[in-house]
Amino acid sequence: FVLTLGGDHSVALGTVSAALQARPSTKVLWVDAHADCNSPSTSPSGNAHGMPLAFLLKLVQSSELGAASSAFAWLDDVRLAPQHLAFVGLRDVDAEERKILLRLRERGAFVSTMHDVDRRGIGPVVDSALEHLGDDGPLHCSFDVDSCDPLIAPATGTAVR
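Residues numbered from 1 in each chain as written. Predicted model: local features only at pLDDT ≥ 70, side-chain atom pairs only at ≥ 80, totals over all residues. Heavy atoms only, no water.

Draft legend 1. The arrangement of the overall build of the chain in detail. Helices and strands together make up the secondary structure of the chain, namely 6 helices and 4 strands. Computed over C-alpha atoms, the radius of gyration of the chain comes to 15 Å, within 12% of the 15 Å expected from 2.2 N^0.38 for 161 residues, which places it in the range of a compact globule. Taken over the C-alpha atoms alone, the chain extends approximately 45 × 35 × 30 Å along its principal axes. Here the chain holds 161 residues, and the buried ones make up 44% of them. Across the chain, every contact between residues at least 6 apart in sequence was considered, and the portion connecting residues at least 24 apart equals 64%. Of the roughly 8,500 Å² of accessible surface on the chain, a fraction of 55% belongs to carbon and sulfur atoms. (Helix = DSSP H or I, 4+ residues; strand = E, 2+ residues; numbered from the N terminus. Rg over C-alpha atoms; globule rule 2.2 N^0.38 Å. Buried < 20%, exposed > 50% of the residue type's maximum accessible area, 1.4 Å probe, protein only. Contact = heavy atoms within 4.5 Å. Areas by Shrake-Rupley, 256 points an atom, 1.4 Å probe, with all protein chains shown as cover.)

Written as structure tokens, this is what we have:
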């Protein structure tokens, strides 16, 4: 059991890639208000904390980063398969990420939003996500506090109502 606490969701680049290198069949439960699958070319903010899944899913390659490519080359051999990914609690997704999420869903990712949680309840949504991922491999849960209502967790740097 590993517990990693970090400042933003870019820490998942290290935790998920390490899990995948040690156990390639690792499934990822991504609990976040944001999809974090932008690339440098699609990100409105340019913040790295909005891009970890783009690298892990191979939506962007280190070679596309110009001068920064060598800093991300350690991710070149790490790959998360979309069918091994489940999103829970998305509620602040920009236009380009919506397109990416549609493609990921077509390739087998489980995608749920806060609308699903409000309609069905958190328990059934998480149960569906875990059922989708299956129990035939290790599970990595990556939790961003901004998935919580800011009334409950007001200290997040990217609060979303």
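Draft legend 2. Helix 6 (residues 122-133), seen in detail. Relative to the 16 Å expected for 12 residues at 1.5 Å per residue, helix 6 spans 16 Å between its end C-alpha atoms, a close match to the ideal helical length. Turning to helix 6, its buried residues are Val 125, Ala 129 and Leu 133. Along the axis of helix 6, the buried positions cluster into a sector of 75 degrees, meaning they face one direction only. Opposite the buried face of helix 6, by more than 90 degrees, sit the exposed residues Asp 127 and Glu 131. On the buried face of helix 6, the contacting elements are strand 1 (27-31), strand 2 (85-90), strand 3 (110-113), helix 5 (114-120) and strand 4 (139-143). A positive phi of about 80 degrees marks Gly 134, the residue just after helix 6. (Expected span 1.5 Å × (residues − 1). Arc of directions from axis to C-beta.)

Draft legend 3. How the structure looks around the environment of Glu 64. Following the sequence through the fold, Glu 64 ends up in the loop between helix 2 (52-56) and helix 3 (69-72). Spatially, the C-alpha atoms of Glu 64 and Ser 39 are 9.8 Å apart, while their sequence positions differ by 25 residues.

Draft legend 4. Structural context of the nonpolar core. Counting 28 residues, the largest nonpolar core has Trp 30, Leu 53, Leu 56, Leu 80, Leu 85, Phe 87 and Leu 101 as the members making the most contacts within it. At the level of secondary structure, the elements contributing two or more residues to this core comprise helix 1 (12-22), strand 1, helix 2, strand 2 and helix 4 (95-106). (Core = buried A, V, L, I, M, F, W, Y, C linked by side-chain atoms within 4.5 Å.)

Draft legend 5. Representation of the packing of aromatic side chains. Counted according to the given criterion, the structure contains 1 aromatic pair. Relative to Phe 72, the ring of Phe 55 has its centre 5.0 Å away and its plane inclined at 10 degrees; by these criteria the two rings are stacked. Of the two residues, Phe 55 sits in helix 2 while Phe 72 sits in helix 3, which places them 17 residues apart along the sequence. (Phe/Tyr/Trp six-rings, centres within 6.5 Å; stacked < 30°, edge-to-face > 60°.)

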